[in-house]
Amino acid sequence: VDYRFFHSWSHKPLGECVAMPPKFETLSIELDDHVATVFLNRPDKANSMNALMWDELQICFEWMDAQASVRAVVLAANGKHFCAGLDLTMFAGLEGASADPARRAEHFRLNVLRMQDNLGAIEKCRKPVLAAIHKTCIGGGVDLTCCCDMRYATEDAYFSIREIDIGMTADVGTLQRLPKIVPDGVVRELAYTGRNMDADEAREVGYVNRVFENREVMLREVQAIAHEIASKSPLAVRGTKEMILYSRDHSVREGLNYIATWNAAMLSQRDLTAGLEAQAHKKTATYDD
C-alpha cells in the first residue's frame, strides 16, 4: 500500500477528515449527502482485480471508515461486468525469486495475508456497505462481495467460485465468510464444482437480498436503501454492525455480554432523546455525524 494517500487525513480526528476522497486509478467515488458510492473502474478489463485495485480498495474503505460524514457506502462497478475476479497477471512473481521452497512459501503466504487485509477493510469499515452487482461476479468478486453487509443483484448477474477451475483453493475469504451467509451444502457445491449461480438462486439461498431488472434500477434502489440507513443514528448503526459481526464469530452468551458492555459505554443520550421525541411527534429525527 502506498501510504502517501493517507498523508492529508490520517493524522486528523474523525470529525475533521477532509471532505474529498483520495484519487484512485482503479476506483471512482461519488458522494451524495451521507452516502458514498464506490465504483470498480477497470471496465475495459471487466473490472478484474489487479495489484493496484487490491491496495486501493483498502485505502478507499479505510478512508470511508474515517470520514465522519459518510454513513453508508454502495459498492458497484462501471462497465458491462461487476468483477471478473483476480487479474491473472498477479500470479506472476507471487512465489518470489528465492530458490529455497520455504522462503518462496513464506513470500506467497505474506502476499495472501496482505490481500485478505485489503478486502478485510470493507468488513472492518464501520459504515454499512451495500454491494450492487450486475452481470459477472466470479472468483475475487465473490471474495469482495462476501465482505459487504448486504448484496443486491440484477437479473443477469451470476456468481462463481472459479478458483477450483484453475487448480487452486480459494484463499482470500470466500470459504470462510460464505458459509456464514448461505447454507453449508450450497457453499460446498459451488466451491467444489465452480458452477455459476444465477441471481434467482442467489436470492433463494440468501446471498442477495433483492434482484432488480437492470443496473440503472438497481443503483437507484440500493442508493435509496443506503440513504435510509444514513438517516439513522450513525452511532447506533455502527454499534449494530459491530454486534452482528461479533455475534457471527462468538457464542450467544459472549454476544449478550458484549452488547451490555457496549451500550453501557456507547449509548448516546442525545441520539436516544432525538429518536424518542421524533417517534412521539411522528417526525424524522436528525443526528450529528
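That block above? That's the structure.
The rules behind each value
- Residues numbered from 1 in each chain as written.
- Predicted model: local features only at pLDDT ≥ 70, side-chain atom pairs only at ≥ 80, totals over all residues.
- Heavy atoms only, no water.
- Helix = DSSP H or I, 4+ residues; strand = E, 2+ residues; numbered from the N terminus.
- Buried < 20%, exposed > 50% of the residue type's maximum accessible area, 1.4 Å probe, protein only.
- Contact = heavy atoms within 4.5 Å.
- Areas by Shrake-Rupley, 256 points an atom, 1.4 Å probe, with all protein chains shown as cover.
- Lys, Arg positive; Asp, Glu negative; His and termini not counted.
- Charge placed at Lys NZ, Arg CZ, Asp CG, Glu CD.
- Pairing = 2+ DSSP bridges.
- Salt bridge = Lys/Arg side-chain N within 4 Å of Asp/Glu carboxyl O.

Before going further, it helps to spend a moment on the overall build of the chain. Across its full length, the chain holds ten helices and nine strands. Each of the 289 residues in the chain was classed as buried or not, and the buried ones make up 45%. In the chain, the proportion of contacts linking residues at least 24 apart, taken out of those at least 6 apart, comes to 70%. With an accessible surface of roughly 14,900 Å², the chain has 53% of that area assigned to carbon and sulfur atoms. Charged side chains in the chain number 33 positive and 41 negative. The centres of these two groups are separated by 2 Å.

Here we take up the pairing of strand 4 (residues 129-133). The element strand 4 is extensively covered by neighbouring structure, given that five of its five residues are classed as buried. Two elements, strand 3 (residues 72-77) and strand 4, share three bridges in a ladder whose sense is parallel. Note that in strand 4 the partner of V73 across the bridge is V129. In this structure, strand 4 lies alongside strand 6 (residues 150-154), joined through four bridges in parallel fashion. Along strand 6, the bridge assignment pairs A131 with R151.

With the rule as written, the count across this model stands at 19 salt bridges. When the shortest N-O distance is used, the salt bridge between R114 and D55 registers 3.9 Å. Residue R114 is located in helix 2 (residues 101-124), and its partner D55 is located in helix 1 (residues 51-66); the two are separated by 59 residues in the primary sequence. Look at R114 and you get partly exposed, because its relative accessible area is 31%. Here R238 ties to E242 by a salt bridge, and the two come within 3.0 Å at their closest N and O atoms. Placement of both R238 and E242 in helix 8 (residues 234-249) is noted, with a separation of four residues, approximately one turn of the helix.

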